[in-house]
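Remarks on the overall topology
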Amino acid sequence: MDIIFHHPTFDTEYWLNRLQQALPGARVRQWKQGDQQPADYALVWQPPVEMLSGRKGLKGVFALGAGVDAILSKLQAHPDMLPDGVPLFRLEDTGMGLQMQEYAVSQVLHWFRRFDDYQAQKLQGKWQPLNDYRREDFTIGILGAGVLGGKVAESLVAWGFPVRCWSRSKKDFPGVVSFAGSEELGSFLSGTRVLINLLPNTPQTVGIINRQLLDQLADESYVINLARGVHLVEADLLSALDSGKLKGAMLDVFSKEPLPEESPLWGHPRVAMTPHIAAVTRPDEAIAYIAKTITQLEKGEAVSGMVSLQHGY
Ligand SMILES: NC(=O)c1ccc[n+]([C@@H]2O[C@H](COP(=O)([O-])OP(=O)(O)OC[C@H]3O[C@@H](n4cnc5c(N)ncnc54)[C@H](O)[C@@H]3O)[C@@H](O)[C@H]2O)c1
Ligand SMILES: O=C(O)[C@H](O)CO
């Protein structure tokens, strides 16, 4: 079995060695321009079109991340990039669930314990205990209840917060109220105090966090965007912050990355940000997952993690 690998920034040597150890019967190589030699599987991030297009004998392509929006948009421009019938897989969790939990829990607790207000008071030299927030007034709403949304929901339930989620179909997560479909979006938003976004980037979800959506949240709400920048209309977020509808925002992803220096988000006192690091691909977990999936595929067994080209995630 032959496996080709391409990632623009990962430590390729490390990946090739560890993949080789995990799949001792395979021949693993870095794909280089002009390489049209046979391959059974391709492991990719930002693949050059010629790496995949027209390839015969390919049994599967693995995206080396959770979101496949970049690959799918490239596929739209170059429909022959993924040979007909070749399945595209993505990473499910592989250590990203825990990272998302750490991010979401730490930020929710930061706001719940009013550390943002105390920091503002500290800057004014003010010593003033504030009223506690109550958990019952701190409902967390998670947009997207998939692998990562489910993990984040579980961790916030464990901290005793009322948690609800919104997805395409109903979920049965312990302690979480589930809403599904556009007809239930309004009920999901009404009463949500902290909105956490973990949706995939699809034509249906672009721009979903806009003025109309933000207006339906509880007053003095908070937004955490952990999914993709294109989900959020940044101008609408800024006006909701300035009107007082929103109290704070924590953003990991942006419509343009790196965030341009002229963006007003940089200077906004109630916007905190990180540079798209909420959950990164952990090589060892990802390699174990890919090796297991390839082994199952080779045995003709059912696997999970296949991307639906129809749904776009
Ligand atoms: N910031 C980061 O570092 C980082 C890291 C990993 C993943 N991500 C993002 O997180 C996203 C989610 O990852 P995942 O593994 O949980 O994905 P997933 O496919 O397991 O879950 C997606 C969820 O969104 C819901 N959904 C999709 N379209 C919908 C629609 N139109 N209406 C309602 N619900 C809809 C699905 O029902 C599902 O519950 C990824 O697509 C990626 O963009 C970001
Ligand atoms: O989707 C992912 O895996 C991360 O956001 C990296 O792009």
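In the block above lies the structure referred to throughout.
One structure accompanies this document, and this report is about it. (Residues numbered from 1 in each chain as written. Chains lettered and ligands numbered in written order. Predicted model: local features only at pLDDT ≥ 70, side-chain atom pairs only at ≥ 80, totals over all residues. Heavy atoms only, no water.)

Strand order across the open sheet formed by five strands is β2-β1-β3-β4-β5, with parallel pairing between neighbours. Each end of this open sheet is capped by a strand with a single partner; those strands are β2 (27-30) and β5 (88-89). Pairing of strand β4 (residues 60-63) with β5, which is carried by two bridges, proceeds in the parallel orientation. Pairing of Val-61 across the sheet is with Leu-88, part of β5. (Pairing = 2+ DSSP bridges. Helix = DSSP H or I, 4+ residues; strand = E, 2+ residues; numbered from the N terminus.)

Turning our attention to the site of ligand 1. Around ligand 1, the structure places 29 residues, and the nearest of them are Arg-90, Val-147, Leu-148, Leu-226 and Asp-252. Separating an oxygen atom of ligand 1 from a side-chain N or O atom of Arg-90 is a distance of 2.9 Å. Note that an oxygen atom of ligand 1 is positioned 2.9 Å from one of the backbone N or O atoms of Val-147. In the complex, the protein chains occlude 93% of the 880 Å² of accessible area that ligand 1 would expose alone. (Near = heavy atom within 4 Å. Polar contact = N/O pair within 3.5 Å; in protein donor to acceptor, adjacent residues only side chain to side chain. Areas by Shrake-Rupley, 256 points an atom, 1.4 Å probe, with all protein chains shown as cover.)

Now for the site of ligand 2. Taken together, the residues surrounding ligand 2 are Trp-45, Gly-65, Ala-66, Gly-67, Met-96, Arg-228 and His-276. In isolation ligand 2 exposes 230 Å². Once the protein is present, 79% of that is buried.

One pass over the full model with this rule turns up eleven aromatic pairs. Considering the side-chain rings of Phe-5 and Trp-15, the 5.5 Å spacing of their centres and the 35° angle between planes classify their relative orientation as tilted. Of this pair, Phe-5 sits in strand β1 (residues 2-6) while Trp-15 sits in helix α1 (residues 12-22), and the two are ten residues apart along the sequence. Relative to Trp-15, the ring of Phe-10 has its centre 5.3 Å away and its plane inclined at 15°; by these criteria the two rings are stacked. Taking the relative accessible area as the measure of exposure, Phe-10 reaches 22% and is therefore partly exposed. Each residue in the set Trp-111, Phe-112, Tyr-133, Phe-138, Phe-161 and Tyr-222 is aromatic and connected to the rest through ring pairs, giving one cluster. (Phe/Tyr/Trp six-rings, centres within 6.5 Å; stacked < 30°, edge-to-face > 60°. Buried < 20%, exposed > 50% of the residue type's maximum accessible area, 1.4 Å probe, protein only.)

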